[in-house]
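Notes for the structure review
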Amino acid sequence: MSDKPAIVQHNPWQKLRRYTDARIALGRVGDSLPTQAHLEFQLAHAKARDAVHLPLDYELLQQQLSVFRLPILTLESQASDRACYLQRPDLGRLLSEQSLKAVADFSEGSKQGYDIAIVITEGLSSLAIDKNASPLLAQLLPALAARQLSIAPLCMVKQGRVAVADAIGESLQAKLVLILVGERPGLSSPDSMGVYLTYQPQVGTADSKRNCLSNIREGGLSSEDATTRLLYLIDQALSRAYTGVDLKDETEVEQHRLGQNFLLPSSN
Amino acid sequence: MSQFGTTLGYQRYKFDDLATLLAKASPLRSGDQLAGLAASNMQERVAAQLTLADLPLKTFLQQPVIPYESDEVTRLIIDSHDAKAFAAISHLTVGDFRNWLLQYQTDAATLAAIAPAVTPEMAAAVSKIMRVQDLILVASKCNVVTKFRNTIGLNGTLSTRLQPNHPTDDPAGVAASVLDGLLYGSGDAVIGINPATDNLQAVTGLMSMLDEIIQHYQIPTQSCVLTHVTTHIEAIGRGAPVDLVFQSIAGTEKANDGFGVNLAILDEAWDAVKGLNRGTLGNNCMYFETGQGSALSANAHFGVDQQTCEARAYAVARRYQPLLVNTVVGFIGPEYLYDGKQIIRAGLEDHFCGKLLGLPMGCDICYTNHAEADQDDMDMLLTQLAAAGANFIMGIPGSDDIMLNYQTTSFHDARYARQLLGLKAAPEFEQWLMKQKIADESGALTVTDQLPPAFSSQLTDVIGGD
């Protein structure tokens, strides 16, 4: 549908939309939003809400991950359902007893530990993992293998928070743990994935000891760029033996400038 | 040892200390449940409210919820208490205080006179036994006016912060949102941007950009880049055009430490920005943001419920005679405020408590996509806060903050509230809107298919001829 100009006052600065994704120049009816802009917003919100509540198909994810030819563990946090997950971040950070045992049992078999453990959890957006986890790993894992780094089994955690990776990494004796997590969905980006890196993970690790890449999605940070930056952070973390606020991401990322401040004479 | 208690029927309810009593009396919210402080059932909550209602206000001066010795916010609250002003209400219990606030005789002047006598805990306590209509009515009687380049908080006005955020701080992207906002009559509280980075050069670049826009179009408003207070101090040192210093603050010393601030740092920043004397009508030059749950999320709440912690943050704000205090009510997420009902009540409590303490309160009426809330909930809170006389709200294109990934009130939303309740922007800004041919005397927008003259001459190249 489109709104009839006779009723709706459109704004003459719609061309400025090329400079921003912000919802500018929406027009108005009286002081209010025109019907089309109002319903477009409702659709965007519905997408973001569904992304939060859509359960991740872990069987499908397992199939996707199987191409990487690594053992896969299916684990769960102590958050029993979605409502619990949203209200009790503390429980999302803890592995269930059964899952703790499953990880411990696995690490029994391999005494020497690993260089890197990789954990995957839907976090606040299953869509983010569904769309972005496999494409990222498809680029990252071969690069890690080329560096002759040992990789622990891929761990899928249902209803996990970032810190759930600490217990897993600790139990698997991994030097470095990565967790791929669905981020808080934005209205215009319901499918954004984050990756957190923690060196020498232990239960109770402070968040300031982690590094993070966020906004990995189509239209955000591409999986190619994310892989480049992750490899930089992984190499640095393993050689310096730490992650966190002291480890700065110094990879050069092209900052594309959209334009100047056109509200002022160009002499400024 | 339980100091407080009441009997309902055959059931005896006991509350070990004042913090427990306040927490159990607090209307249900997920953050208090997460902290293990909430009442275990509805009757226990009302039992706590009944017990609280019988408590003399003096008790809060005698029994700080966080010890005087270990917390500088408690010391600030106790040391700055105005005993002389307190004489008017010192004989009241919490329940009496609610009645006293609601009676006809308690008008704006009366409320202003007792503001320095009210501690955050007294305000929090009485709010816990007030309904939504009480929170609205009493707040609407408070009148807190502040000035920098315009006058904010006058009766019959509702101001807006124009929030032109952009994920990469791109100058053209920011400018597009600034223009959109100005042409919808937004920006009289402040043009305030959340920068994507704390990098000093980037921050001072934004400060200059906003300042140049304000100067070029002679807009009677002020700018702010919402970066850390220490970055502001550095920027001022380098001669950047700082109108308002911003900082997020909380209600305990440890929680403030988590934000990297304390009273000494805030004092230093306040001195620095006051000295610039950039205000033309007044020199209220601090901008604070707060929000329920910040103390708990820093594990710095010491068994005190999140609403009481929030009110304590207002004692910190009060020390600096700020231009604006903004409770960012729904930003923190559902683990602290689960749904629309909890967000709405929290927003009204914060506004009430702040106003009672004499602060220029506004509200970021907002939610995240993982909270059980939607635009309808925000419309309810917006309408109620506008009725309650909130000093300002946010304004953003189409409610969608593409940088912070949350939804707040749009330029249109503010116009709705103004139209509905006959509210205006700050008078100096209202004059500017008329002069620029953006709005007419009634406040209605007049921009149609042509940009107003001052903008069309500047924007010919980017807008082009359609």
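Treat the numbers as computed from the prediction; the structure is a model and nothing was measured.

Our next topic: the UniProt feature "binding site: adenosylcob(III)alamin" (unreviewed entry) in chain B. Residues and elements named next belong to chain B. The UniProt record marks Pro-195, Gln-247, Ser-297 and Met-403 with the feature "binding site: adenosylcob(III)alamin" (unreviewed entry), using the residue numbering of this structure. The greatest C-alpha distance among the residues just named is 22.6 Å, and with 209 residues of sequence between them they are spread in space as well. Mapped onto the secondary structure, Gln-247 falls in strand S8 (residues 245–248). Judged by its relative accessible area of 3%, Gln-247 is buried. Among residues more than four places away in sequence, those in contact with Gln-247 are His-228, Val-229, Phe-259, Val-261, Leu-266, Tyr-287, Phe-288 and Glu-289.

Turning our attention to helix H22 (residues 453–463) of chain B. Residues and elements named next belong to chain B. Inspection of H22 places Phe-455, Leu-459, Val-462 and Ile-463 among the buried residues, and these make up the whole buried set. One side of H22 carries all its buried residues, which in axial view fall inside an arc of 65 degrees. Exposed side chains of H22 directed beyond 90 degrees from the buried face belong to Ser-457 and Asp-461. For H22, the secondary structure elements touched by its buried residues are helix H11 (171–183) and helix H21 (427–435). Immediately downstream of H22, the backbone of Gly-464 shows phi near 70 degrees, a positive value.

With that out of the way, let us pick up the packing of helix H9 (residues 120–128) of chain B against helix H17 (residues 306–318) of chain B. All names here are of chain B. Close contact between H9 and H17 brings their axes to 8 Å; oriented N to C, the two are set at 140 degrees. The orientation of H9 with respect to H17, classified from their angle, is oblique. Here H9 runs over H17; the crossing is right-handed. Residues Pro-120, Glu-121, Ala-124, Ser-127 and Lys-128 of H9 form the contact with H17, whose participating residues are Gln-307, Thr-308, Ala-311, Arg-312 and Ala-315. Residue classes in the contact of H9 with H17 are distributed as four nonpolar, three polar and three charged.

Okay, the packing of aromatic side chains next. In the structure shown here, the tally under the stated rule is nine aromatic pairs over all chains. Both rings, one in Trp-270 of chain B and one in Tyr-320 of chain B, keep their centres 5.4 Å apart while their planes meet at 90 degrees; by these two values the pair is edge-to-face. Of this pair, Trp-270 of chain B sits in helix H15 (residues 263–276) while Tyr-320 of chain B sits in the loop between H17 and strand S10 (324–328), placing them 50 residues apart in sequence. Given the relative accessible area of 14%, Trp-270 of chain B is considered buried. When the ring of Phe-288 of chain B is compared with that of Tyr-320 of chain B, the centres are 5.8 Å apart and the planes differ by 55 degrees; the resulting orientation is tilted. One end of the pair, Phe-288 of chain B, is in strand S9 (residues 286–290); the other, Tyr-320 of chain B, is in the loop between H17 and S10, and 32 residues separate them in sequence. Side by side, Phe-288 of chain B and Tyr-320 of chain B carry an identical accessibility label, which is buried. Clustering of aromatic rings is evident, with ring pairs tying together Trp-270, Phe-288 and Tyr-320 of chain B. Here the guanidinium or amino end of Arg-161 of chain A rests over the ring plane of Tyr-85 of chain A, the centre of that ring lying 4.4 Å away. Cation over ring: Arg-184 of chain A sits above Phe-331 of chain B, and NZ or CZ is 4.8 Å from the ring centre.

What follows covers the sheet that holds strand S6 (residues 210–216) of chain A. Residues and elements named next belong to chain A. Strand order in the open sheet formed by six strands is S1-S3-S2-S4-S5-S6, with mixed pairing between adjacent strands. One side of each edge strand has no neighbouring strand; the edge strands of this open sheet are strand S1 (72–76) and S6. Sheet twist, expressed as the average angle between the axes of neighbouring strands with direction ignored, equals 20 degrees. Both strand S2 (residues 114–121) and strand S4 (residues 174–182) contribute to a ladder of seven bridges, which runs parallel. Within S4, the residue paired with Ile-118 across the bridge is Leu-178.

What follows deals with the environment of Thr-231 of chain B. Residues and elements named next belong to chain B. Assignment of secondary structure puts Thr-231 in helix H13 (residues 229–237). Here Thr-231 falls in the buried class, since its relative accessible area comes to 10%. Expressed as a C-alpha distance, the spacing of Thr-231 and Leu-22, which sit 209 residues apart in the sequence, is 37 Å. Ignoring anything within four residues of it in the chain, the contact list for Thr-231 reads Asp-198, Leu-200 and Val-203.

Take the side chain of Thr-6 of chain B next. All names here are of chain B. Note on placement: Thr-6 falls in strand S1 (residues 4–8). We classify Thr-6 as buried; its relative accessible area is 16%. Not counting chain neighbours up to four residues away, the residues in contact with Thr-6 comprise Gln-11, Arg-12, Tyr-13, Ala-47 and Thr-51.

The next thing to look at is unusual backbone geometry. In this structure, Asn-215 of chain A takes a positive phi of about 65 degrees despite not being glycine. Following the sequence through the fold, Asn-215 of chain A ends up in strand S6. For Asn-215 of chain A, a relative accessible area of 29% gives the class partly exposed. Non-glycine residue Asn-299 of chain B carries a positive phi angle of around 50 degrees.

Further remarks concern the UniProt feature "binding site: adenosylcob(III)alamin" (unreviewed entry) in chain A. Residues and elements named next belong to chain A. Residues given the UniProt feature "binding site: adenosylcob(III)alamin" (unreviewed entry) here are Val-162, Glu-183 and Cys-212. Over a stretch of 51 residues, the named residues converge on one spot in the fold, their C-alpha atoms separated by at most 11.5 Å. Along the chain, Val-162 turns up in the loop between strand S3 (154–158) and helix H7 (164–171). What Val-162 contacts, discounting residues up to four positions off in sequence, is Ile-179, Val-181, Tyr-196 and Arg-210. Beyond its immediate sequence surroundings of up to four residues, Cys-212 is in contact with Val-195 and Tyr-196.

If you look at the biggest cluster of nonpolar residues, it comprises 167 residues, and the most contacted ones within it are Trp-13, Leu-16, Phe-262 and Leu-263 of chain A together with Phe-97 and Leu-459 of chain B. Apart from the residues lying within four places of it in its own chain, the contact partners of Trp-13 of chain A are Ala-25 of chain A together with Leu-179, Asp-180, Leu-183, Tyr-184, Val-447, Leu-451 and Ile-463 of chain B. Judged by nonpolar contacts, the second largest core, of 39 residues, contains Tyr-58, Ile-129, Met-156 and Leu-233 of chain A.

Once that is clear, we can look at the interface of chain B and chain A. Between chain B and chain A, the residue contacts involve 62 residues of the former and 54 residues of the latter. Between chain B and chain A, a total of about 4,800 Å² is buried, with carbon and sulfur atoms accounting for 57% of that surface. By the criterion of area lost to chain A, the three top residues of chain B are Asn-369, His-370 and Val-462 of chain B, representing 14% of everything that side buries. Where chain B packs against chain A, one counts three salt bridges. A salt bridge links Asp-400 of chain B to Arg-23 of chain A; the nearest nitrogen and oxygen atoms lie 2.8 Å apart.

Let us now look at the domain arrangement of chain A. All names here are of chain A. According to the domain assignment, chain A contains domain 1 (14–52) and domain 2 (56–240). Domain 1 and domain 2 are separated by 34 Å when their C-alpha centres are compared. Contacts between domain 1 and domain 2 engage eight residues on the former and 11 residues on the latter. When the two sides are added together, the surface that domain 1 and domain 2 hide from each other amounts to roughly 690 Å², 65% of it contributed by carbon and sulfur. When the buried area of domain 1 at its contact with domain 2 is split by residue, Ala-48, Ala-51 and Val-52 rank highest and sum to 64% of it. The interface formed by domain 1 and domain 2 holds one residue pair in polar contact (both at pLDDT 80 or more) in total.

Rules used throughout
Residues numbered from 1 in each chain as written. Chains lettered and ligands numbered in written order. Predicted model: local features only at pLDDT ≥ 70, side-chain atom pairs only at ≥ 80, totals over all residues. Heavy atoms only, no water. UniProt positions renumbered as here; feature names shortened; annotations may be inferred. Helix = DSSP H or I, 4+ residues; strand = E, 2+ residues; numbered from the N terminus. Buried < 20%, exposed > 50% of the residue type's maximum accessible area, 1.4 Å probe, protein only. Contact = heavy atoms within 4.5 Å. Arc of directions from axis to C-beta. Axes fitted to C-alpha atoms, helices over the stretch in contact; angles between N-to-C directions. Parallel < 35°, antiparallel > 145°, perpendicular 65-115°, else oblique. Left-handed = near helix turned anticlockwise from the far one by under 90°. Nonpolar A, V, L, I, M, F, W, Y, C, P; charged D, E, K, R; others polar. Phe/Tyr/Trp six-rings, centres within 6.5 Å; stacked < 30°, edge-to-face > 60°. Lys NZ or Arg CZ within 6 Å of the ring centre and 35° of its normal. Pairing = 2+ DSSP bridges. Core = buried A, V, L, I, M, F, W, Y, C linked by side-chain atoms within 4.5 Å. Buried area = accessible area lost by both parts, 1.4 Å probe. Salt bridge = Lys/Arg side-chain N within 4 Å of Asp/Glu carboxyl O. Domains from an automatic or database assignment. Polar contact = N/O pair within 3.5 Å; in protein donor to acceptor, adjacent residues only side chain to side chain.

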